[in-house]
Amino acid sequence: MVFNSATDLFDFSTKRVLCSSNKRKTVCLEGRFPNSGEPAIIFLEKLPISYKTAQNLCNNSILEKSYNSVHNYECTSKLSLNGIKISTIYPATQKHIKKYESQPMHIIDETSNLYINVTLPYITSESFNLKWVYNIFEHKAEEESIVYEDTNTETGFILLPDLKWNQKQIENLYLLAIVKPRNIKSLRDLTDKHIPLLLNVRDKVTKVIKSKYGLDESQLRIYIHYQPSYYHLHIHFTYLQYQAPGIFIGRAHLLSSVIKNLELIPDYYQKKTLQFIIKETDGLFLQYKEKGLVKEVVKEEEVVKEK
Ligand code: M7G
């Protein structure tokens, strides 16, 4: 949603908190904008303190001694140093709401058979809309944000800032390379034939990041999510020191390992059992649960009986 004035945002009425994180300093709210029938999500995130901001904070703030210690202070800074990034999703579908809602998680062991018989049919019928990706390709959206474009239909890609990055400081640098071929849904579709594509993305993006943002390849976390939210292959580039969401084991696969695996075994990702972490309310989890494919601990009495 594009706001004509900040008033729309101020008048957002909150229905509930979907999730929050003290560590990441974020909170995600479900609610409604004034005069709109459909639900919306707003995601608020405190911005990292860059070196420049830190200096300004020291020079331009009111400091009060904290009540419990002589060494701690509470700092009230100028509004301009107190930025909060706000992202909105409007209209928000039930799928969006589930994606952001805090939920118990589970780990699934997906064999190649389970991929073909459970995951693939589900993602073919149910995955998130890719219109935003095609709009970017056709320069109908975010054209001014494109950092680099390689137009080759087999090895090309578009590099642009991820929605999560406000581009103001490298402390939370987050860029996305979206590949040009439209037939690679995820890691599962990658074979040795895609090595030139992956190398091209890695080599060109790291050069661009070095010249534009001054970071070396060794300072970047470069990875692919499995399962992704959007089934059109894209590669995440984040600053290594930034604890970006989704960098944990069970979600992120380092690009360098992906390339090495494909060099060793051409159909590695068609054969491999892949583990993924998924929320309990996710439709894909429910498919696995219905089919009795979620690992559960056998009750103690049953173990005793079997002895
Ligand atoms: P993912 O691995 O499919 O799943 O990543 P995730 O969203 O659970 O991480 C998709 C990435 O695309 C995320 O990092 C999103 O923040 C980003 N993204 C999603 N949308 C709808 C947009 C968009 O419209 N523009 C941009 N620039 N990034 C987006």
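Residues numbered from 1 in each chain as written. Predicted model: local features only at pLDDT ≥ 70, side-chain atom pairs only at ≥ 80, totals over all residues. Heavy atoms only, no water.

What follows covers helix 6 (residues 195-213). In a regular helix each residue adds 1.5 Å, so 19 residues correspond to 27 Å; helix 6 covers 26 Å between its end C-alpha atoms and thus fits that length. Listing the buried residues of helix 6 in full gives Ile195, Leu197, Leu198, Asn200, Val201, Val205, Thr206, Val208, Ile209 and Tyr213. The elements touched by buried residues of helix 6 are strand 8 (148-150), strand 9 (157-161), strand 10 (174-179), strand 11 (220-225), strand 12 (234-239) and helix 7 (255-264). (Helix = DSSP H or I, 4+ residues; strand = E, 2+ residues; numbered from the N terminus. Expected span 1.5 Å × (residues − 1). Buried < 20%, exposed > 50% of the residue type's maximum accessible area, 1.4 Å probe, protein only. Contact = heavy atoms within 4.5 Å.)

A separate point is the pairing of strand 12. Counting buried positions over the six residues of strand 12 gives six, a clear majority of the element. Where burial is concerned, the two faces of strand 12 agree: the one with His234, His236 and Thr238 and the one with Ile235, Phe237 and Tyr239 are both buried. Two strands pair when backbone bridges link them, and strand 10 and strand 12 are joined in this way by five bridges, in the antiparallel orientation. Across the sheet, residue Leu176 finds its bridge partner in strand 12, namely His236. (Pairing = 2+ DSSP bridges.)

Between helix 6 and helix 7, whose axes approach to 10 Å, the crossing angle comes to 155°. Overall, the two elements helix 6 and helix 7 adopt an arrangement that is roughly antiparallel. Handedness of the helix 6/helix 7 crossing: left-handed. Contacts between helix 6 and helix 7 involve Ile195, Leu198, Leu199 and Arg202 on the former and, on the latter, Leu255, Val258, Ile259, Leu262 and Glu263. Residue composition of the contact of helix 6 with helix 7, grouped by class: seven nonpolar, no polar and two charged. (Axes fitted to C-alpha atoms, helices over the stretch in contact; angles between N-to-C directions. Parallel < 35°, antiparallel > 145°, perpendicular 65-115°, else oblique. Left-handed = near helix turned anticlockwise from the far one by under 90°. Nonpolar A, V, L, I, M, F, W, Y, C, P; charged D, E, K, R; others polar.)

Take the nonpolar core next. Judged by nonpolar contacts, the single largest core of 51 residues is most densely connected at Leu190, Leu198, Val201, Ile235 and Phe237. A per-element tally of this core places helix 6 first, with eight residues. Sequence-distant contacts of Ile235, that is, excluding residues within four places in its chain, are made with Leu175, Leu176, Ala177, Leu198, Val201, Ile222, Tyr223, Ile224 and Leu255. (Core = buried A, V, L, I, M, F, W, Y, C linked by side-chain atoms within 4.5 Å.)

Around the ligand lies a shell of 17 residues, among which Lys99, Glu142, Asp162, Lys164 and His225 are the nearest. Between the ligand and Lys99, the relevant distance is 2.7 Å, taken from an oxygen atom to a side-chain nitrogen or oxygen of the residue. Between Leu163 and the ligand, the recorded distance is 3.3 Å, taken from a backbone N or O atom to a nitrogen atom. Elements that contribute at least two residues to the shell around the ligand include exactly strand 9, strand 10 and strand 12. Among the residues making up the shell around the ligand, the classes are represented as eight nonpolar, four polar and five charged. (Near = heavy atom within 4 Å. Polar contact = N/O pair within 3.5 Å; in protein donor to acceptor, adjacent residues only side chain to side chain.)

Under the definition given, this model contains nine aromatic pairs. Judged by centre distance (5.9 Å) and plane angle (75°), the ring pair of Phe33 and Tyr90 falls under edge-to-face. Here the residue Phe33 occupies a position in the loop between strand 2 (26-32) and strand 3 (40-46), and Tyr90 occupies one in the loop between strand 6 (84-89) and helix 3 (94-100), the gap between them amounting to 57 residues. In this structure Phe33 comes out as buried when scored by relative accessible area, which is 2%. (Phe/Tyr/Trp six-rings, centres within 6.5 Å; stacked < 30°, edge-to-face > 60°.)

This brings us to the layout of surface pockets. Quantified by volume, the second largest pocket comes out at close to 910 Å³. Taken together, 34 residues make up the lining of the second largest pocket; nearest its centre are Lys25, Lys46, Leu47, Pro48 and Ile49. Every element with two or more residues in the lining of the second largest pocket is listed here: strand 3, helix 2 (51-59) and strand 5 (73-77). Grouping the constituent residues of the lining of the second largest pocket by class yields twelve nonpolar, 14 polar and eight charged. (1 Å grid on protein atoms, 1.4 Å probe; cavity = no way out; pocket = protein on both sides within 12 Å on 5 of 7 lines; lining within 4 Å. Points joined across faces, edges and corners; volume = space filled by probe spheres on them.)

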